[in-house]
Structure formats: structure tokens, C-alpha cells
Amino acid sequence: PELREACFRRANSQHMYHSLLMAAAPMARKPHAVGGLALAGTISFCGSVYAVAVSGERARGIAAPAGGFCLIGAWLALLL
């Protein structure tokens, strides 16, 4: 139960922060890059962490690292 609750809180907070990133994407120099990477990262990272929270199986979080790299790329694209 503690793992599931912690995973849900992590996914929920990251989902909120990266939703704000997607809202800021149209103001970036490369809005398609920022928006695309943010969307792919949010779905991959938050989706897999939500899946762990719902199922309780850590193996469901396999896509989280790839989603994290996409999110890092989206933040970098926003800054450049």
C-alpha cells in the first residue's frame, strides 16, 4: 500500500508540472519539439508510474526512464 500511494503521488505531481510545460510549449522557439517531447514523456513516465500505482507491480514501470529522458529533452528544448 505504501508503494502504491507513493507512486501515485509521484505520478500526480509530475503530471501537473509537465502539464504546465505543455501549456508553455506554444511560447517556445520550437513549440513542436517542446510539445511533442513533453507529451511523449508525460505519457511514458507518468503513465508507467500510474500503472505501478494501480497494479502494485514494479515491472509496469519499465517505460519510466525513457519518459524521463523525453521530459528532460522537452525542458532543454524550452530553454534553447
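Note: the structure precedes this text.
Right, let's walk through the structure included here. Because the structure is a prediction, the values reported are computed rather than measured.

1. Some thoughts on the pattern of salt bridges
Reasoning step 1: Counted by the stated rule, this structure contains two salt bridges.
Reasoning step 2: Across the pair Arg-9 and Glu-5 runs a salt bridge, and its minimum N-O distance is 2.6 Å. Of this pair, Arg-9 and Glu-5 both sit in helix H1 (residues 2-24), four residues apart, which is roughly one turn of that helix.
Reasoning step 3: Take Glu-5: its relative accessible area is 43%, and that puts it in the partly exposed class.
Reasoning step 4: Here Glu-57 makes a salt bridge to Arg-60, at a shortest N to O gap of 3.7 Å.

2. Quick look at a nonpolar patch on the surface
Reasoning step 1: Together, Phe-69, Ile-72, Leu-76, Leu-79 and Leu-80 make up an exposed nonpolar region whose accessible area comes to about 620 Å².
Reasoning step 2: Taking the relative accessible area as the measure of exposure, Leu-79 reaches 69% and is therefore exposed.

3. Here's the deal with the environment of Glu-57
Reasoning step 1: Residue position: Glu-57 is located in the loop between helix H2 (31-55) and helix H3 (64-79).
Reasoning step 2: When its relative accessible area of 43% is taken as the criterion, Glu-57 is described as partly exposed.
Reasoning step 3: As for Glu-57 and Arg-4, which are separated by 53 residues in sequence, their C-alpha atoms are 9.0 Å apart.

Procedures and definitions
Residues numbered from 1 in each chain as written. Predicted model: local features only at pLDDT ≥ 70, side-chain atom pairs only at ≥ 80, totals over all residues. Heavy atoms only, no water. Salt bridge = Lys/Arg side-chain N within 4 Å of Asp/Glu carboxyl O. Helix = DSSP H or I, 4+ residues; strand = E, 2+ residues; numbered from the N terminus. Buried < 20%, exposed > 50% of the residue type's maximum accessible area, 1.4 Å probe, protein only. Patch = residues over 30% accessible without salt bridge, like charges linked within 9 Å, V, L, I, M, F, W, Y side chains within 5 Å. Areas by Shrake-Rupley, 256 points an atom, 1.4 Å probe, with all protein chains shown as cover.

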